[in-house]
Amino acid sequence: MSYSCSRITTPMYPVDLDERAASGVPAFSGLVWVVENEHAETEVPSFSGTHEQTLFQGVYDLEKPEALVAVPSPFSGTHVKTLFAVGYDLEKPEALVAAPSFFGTHVQTLFPISYNRETAHATTSPPSFTGSLV
Amino acid sequence: MNIWVPKIKILENTREALVVPGGGVAGFFEITGQLPDGRRRVLAQRQKNLITDGGLNRWGTGAVLTNCSLGSGTTPPTVLDTNLVSFVAQQNSVTTTTGAETSSPYYGWSRKSYVFNPPGADKNISEIGVGWGTGGVNLWSRSLIKDVAGDPTTITWRADETLTVTYEARMYPWEDDNPHSTVISGVTYDGIIRPAYLGGAAQNYFYDSAHLATGKGPYASTLYSGTIGAATGIPSGTTASPTRTNSAYSSGSLVANGVLTAGPTIANFAGGIGAFWVACTTAMWQCSLVPTLAKLNTHTLTLNVNSGVWGRQP
């Protein structure tokens, strides 16, 4: 498999951090994620697939490139060569990190995917009780 | 293969109030060093760490903050971690202070201070764990040490330097009222399950292990003739002390269970039982009963109560 890669020209727009934070997991559409308008060369560790809808098996937190962040499944895509990178800061699970590292020549879909590696135990429930009177 | 991608920024939620409703635990550590001449330096500023799955589970059965371990591993932590990657040193001696935050978001805390004697030779330290095992195993938490920018880093623990790790464990209780409708022997009782002693430093500090009914120190689950109080308090009225039994912890459940039993001779209030209070070590709570529960001297009341499910605090 090979990809021809070129410098990303994805439009980038700011988002309201407070609004995003207040809503928890973002529900957004379009090519939106907070970025600094600068670029960093990043080596993508690995990805698999044979053709369209090839997705990275892992993405890097670009601020911590040594921290490989797994991307969860399932994925969904609408078109070819849709790549995205969504991850969590491993040490800051509350901080959703999104990298608009998708590229391609056609439709570029940004998925509102959140990956919480702590999902299994992030959900709590309040106390409760049962009783009997005999 | 290299690609060009925009540099991202971490979108960090700085509005701590968003962490409610609670039921979660969290931990923070910082590392300072002191040289023989008395000079001190901060080797790692206060930073949050990761609570492991094993740590969450362990909390249901025993102490989780018995010791602190240092290592030189650089593998990013995961919730499945049970040990340091490369163990260097451990300190079992610890001093403890406890307390509670008195405003929302409330949390009870326990601060542990682990003092490591000078190692005799310079050591590189890049990971840290707190737990209950020997040799950097059985970890409640594991973390890479980070610099001020939040990037993993390696610190040098000097040969003649005394190292102090201060670890703070937190438990965030539920803050909201939760209505209930509970059928007890054919009668439906409505009411509110509400936190108790919210912000109480003596009652709701972070306790080393989670258990339910037998209480924390002098505080023990109680039945009341009146109704529940404010979330910072407890119910009112005439009291009765039921028999309190902790149930066996079910591994992986992340919930503590217990049984309160009031035999025929107690809690036969003229107006019935209007509320009860559960002195759970994770977070105390109280509950109202409407209508009041009319218990007679021929009755035995059994309440099967639980702590709620705990998890990691986001």
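Residues numbered from 1 in each chain as written. Chains lettered and ligands numbered in written order. Predicted model: local features only at pLDDT ≥ 70, side-chain atom pairs only at ≥ 80, totals over all residues. Heavy atoms only, no water.

Draft legend 1. Structural context of the overall build of chain B. Within chain B, the secondary structure is distributed over 1 helix and 22 strands. Its C-alpha atoms give chain B principal-axis dimensions of roughly 70 × 45 × 35 Å. Scored against the burial criterion, the 314 residues of chain B give a buried share of 55%. Here the analysis covers contacts within chain B between residues at least 6 apart in sequence; of these, 72% occur between residues at least 24 apart. Here chain B displays about 11,900 Å² of accessible surface, and carbon together with sulfur accounts for 50% of that area. Of the charged side chains in chain B, 21 are positive and 19 negative; the average position of the first set lies 2 Å away from that of the second. (Helix = DSSP H or I, 4+ residues; strand = E, 2+ residues; numbered from the N terminus. Buried < 20%, exposed > 50% of the residue type's maximum accessible area, 1.4 Å probe, protein only. Contact = heavy atoms within 4.5 Å. Areas by Shrake-Rupley, 256 points an atom, 1.4 Å probe, with all protein chains shown as cover. Lys, Arg positive; Asp, Glu negative; His and termini not counted. Charge placed at Lys NZ, Arg CZ, Asp CG, Glu CD.)

Draft legend 2. Main features of the overall build of chain A. A count of helices and strands for chain A gives 2 helices and 8 strands. Secondary structure of chain A in N-to-C order comes out as α-β-β-β-β-β-β-β-α-β. Here chain A holds 134 residues, and 46% of them are scored as buried. Taking all contacts inside chain A whose residues are at least 6 apart in sequence as the whole, residues at least 24 apart take part in 50%. Per element, the accessible surface of chain A, about 6,600 Å² overall, is 53% carbon and sulfur.

Draft legend 3. View of the environment of B:Gly27. Residues and elements named next belong to chain B. Among the structural elements, Gly 27 can be located in strand 2 (residues 24-34). Separated by 143 residues in the primary sequence, Gly 27 and Arg 170 place their C-alpha atoms 6.0 Å from one another. When neighbours within four sequence positions are excluded, Gly 27 is seen to be in contact with Gln 47, Lys 48, Asn 49, Ile 51, Tyr 167, Glu 168 and Ala 169.

Draft legend 4. Seen up close, the packing of aromatic side chains. All names here are of chain B. Enumeration over the complete set of coordinates arrives at 12 aromatic pairs over all chains. Both rings, one in Trp 59 and one in Phe 206, keep their centres 5.1 Å apart while their planes meet at 10°; by these two values the pair is stacked. Here Phe 206 lies in the loop between strand 14 (187-195) and strand 15 (222-224) and Trp 59 lies in the loop between helix 1 (53-58) and strand 4 (67-71), a separation of 147 residues in the sequence. For the pair shown, Trp 59 and Phe 206 are each scored as buried. (Phe/Tyr/Trp six-rings, centres within 6.5 Å; stacked < 30°, edge-to-face > 60°.)

Draft legend 5. Quick peek at the side chain of B:Gln47. Residue and element names in this part refer to chain B. Note that Gln 47 resides in strand 3 (residues 40-51). Under the relative-accessibility criterion, Gln 47 is labelled buried at 11%. In this structure the side chain of Gln 47 is engaged in a polar contact, spanning 2.7 Å, whose partner is the backbone oxygen of Gln 45. Within the structure, Gln 47 has its side chain in polar contact with the backbone nitrogen of Lys 146 (distance 2.9 Å). (Polar contact = N/O pair within 3.5 Å; in protein donor to acceptor, adjacent residues only side chain to side chain.)

Draft legend 6. Inspection of the domain arrangement of chain B at higher detail. Residue and element names in this part refer to chain B. Domain parsing of chain B yields domain 1 (9-21 + 177-312) and domain 2 (23-172). Taking only C-alpha atoms into account, the centre of domain 1 sits 32 Å from that of domain 2. Across the contact, 27 residues belong to domain 1 and 34 residues belong to domain 2. Contact between domain 1 and domain 2 buries roughly 2,300 Å² in total, counting both sides, with carbon and sulfur atoms accounting for 63%. For the salt bridge of Lys 112 with Asp 208, the shortest nitrogen-to-oxygen distance reads 3.3 Å. Looking at side-chain class alone, the side of domain 1 that touches domain 2 contains 14 nonpolar, 10 polar and 3 charged residues. (Domains from an automatic or database assignment. Buried area = accessible area lost by both parts, 1.4 Å probe. Salt bridge = Lys/Arg side-chain N within 4 Å of Asp/Glu carboxyl O. Nonpolar A, V, L, I, M, F, W, Y, C, P; charged D, E, K, R; others polar.)

Draft legend 7. Summary view of the side chain of B:Arg142. All names here are of chain B. With respect to the helices and strands, Arg 142 occurs in strand 10 (residues 139-144). The buried category is assigned to Arg 142, whose relative accessible area is 1%. Of the polar contacts made by the side chain of Arg 142, one reaches the side chain of Asp 81; its length is 2.9 Å. Looking at Arg 142, its side chain comes within polar contact range of the side chain of Glu 127, at 2.9 Å.

Draft legend 8. Quick look at the sheet that holds strand 15 of chain B. Residues and elements named next belong to chain B. Read from one edge of the open sheet, 6 strands run 13-14-20-19-15-16, paired in antiparallel fashion. If you trace the sheet from one side to the other, it starts and ends with strand 13 (178-184) and strand 16 (239-240), each paired once. Note that strand 15 and strand 16 share 2 bridges and pair antiparallel. Following the sheet pairing, Leu 223 is matched in strand 16 by Ala 240. (Pairing = 2+ DSSP bridges.)

Draft legend 9. Broad picture of the pairing of strand 2 of chain B. All names here are of chain B. For strand 2, the tally of buried residues reaches 8 of 11 residues, placing the bulk of the element in the interior. Where strand 2 and strand 22 (residues 311-312) come together, 2 bridges link them in parallel fashion. Among the inter-strand pairings, Gly 24 is bridged to a residue of strand 22, identified as Gly 311. Here strand 2 runs beside strand 3; their pairing, made up of 7 bridges, is antiparallel. Residue pairing in the sheet places Thr 32 in a bridge with Val 42 of strand 3. The loop that links strand 2 with its antiparallel partner strand 3 comprises 5 residues; one of these, Gly 38, has a positive phi angle of about 95°.

Draft legend 10. Quick look at the nonpolar core. Formed by 56 residues in total, the largest nonpolar core has its most connected members in A:Phe129, B:Ile31 and B:Phe276. Examining the composition of this core, we find that 5 residues originate from one element, strand 12 (residues 162-172) of chain B, more than from any other. Domain assignment of the residues forming this core places at least three in each of domain 1 (9-21 + 177-312) and domain 2 (23-172) of chain B. Ignoring anything within four residues of it in the chain, the contact list for B:Ile31 reads B:Arg41, B:Val42, B:Leu43, B:Ala44, B:Ile128, B:Ile145, B:Ile155, B:Leu163, B:Thr164 and B:Val165. Judged by nonpolar contacts, the second largest core, of 9 residues, contains B:Tyr197, B:Tyr219, B:Ala275 and B:Trp277. (Core = buried A, V, L, I, M, F, W, Y, C linked by side-chain atoms within 4.5 Å.)

Draft legend 11. A look at the sheet that holds strand 21 (residues 301-306) of chain B. Strand order in the open sheet made by the 4 strands is 8(A)-21(B)-18(B)-17(B), with antiparallel pairing throughout. The open sheet terminates on both sides in strands that have one partner only, identified here as strand 8 (129-133) of chain A together with strand 17 (243-246) of chain B. Neighbour to neighbour, the strand axes of the sheet diverge by 15° on average, direction disregarded. Where strand 18 (residues 257-262) of chain B meets strand 21 of chain B, 6 bridges bridge the pair, whose relative direction is antiparallel. Looking across to strand 21 of chain B, one finds that B:Thr261 is bridged to B:Thr302. (Axes fitted to C-alpha atoms, helices over the stretch in contact; angles between N-to-C directions.)

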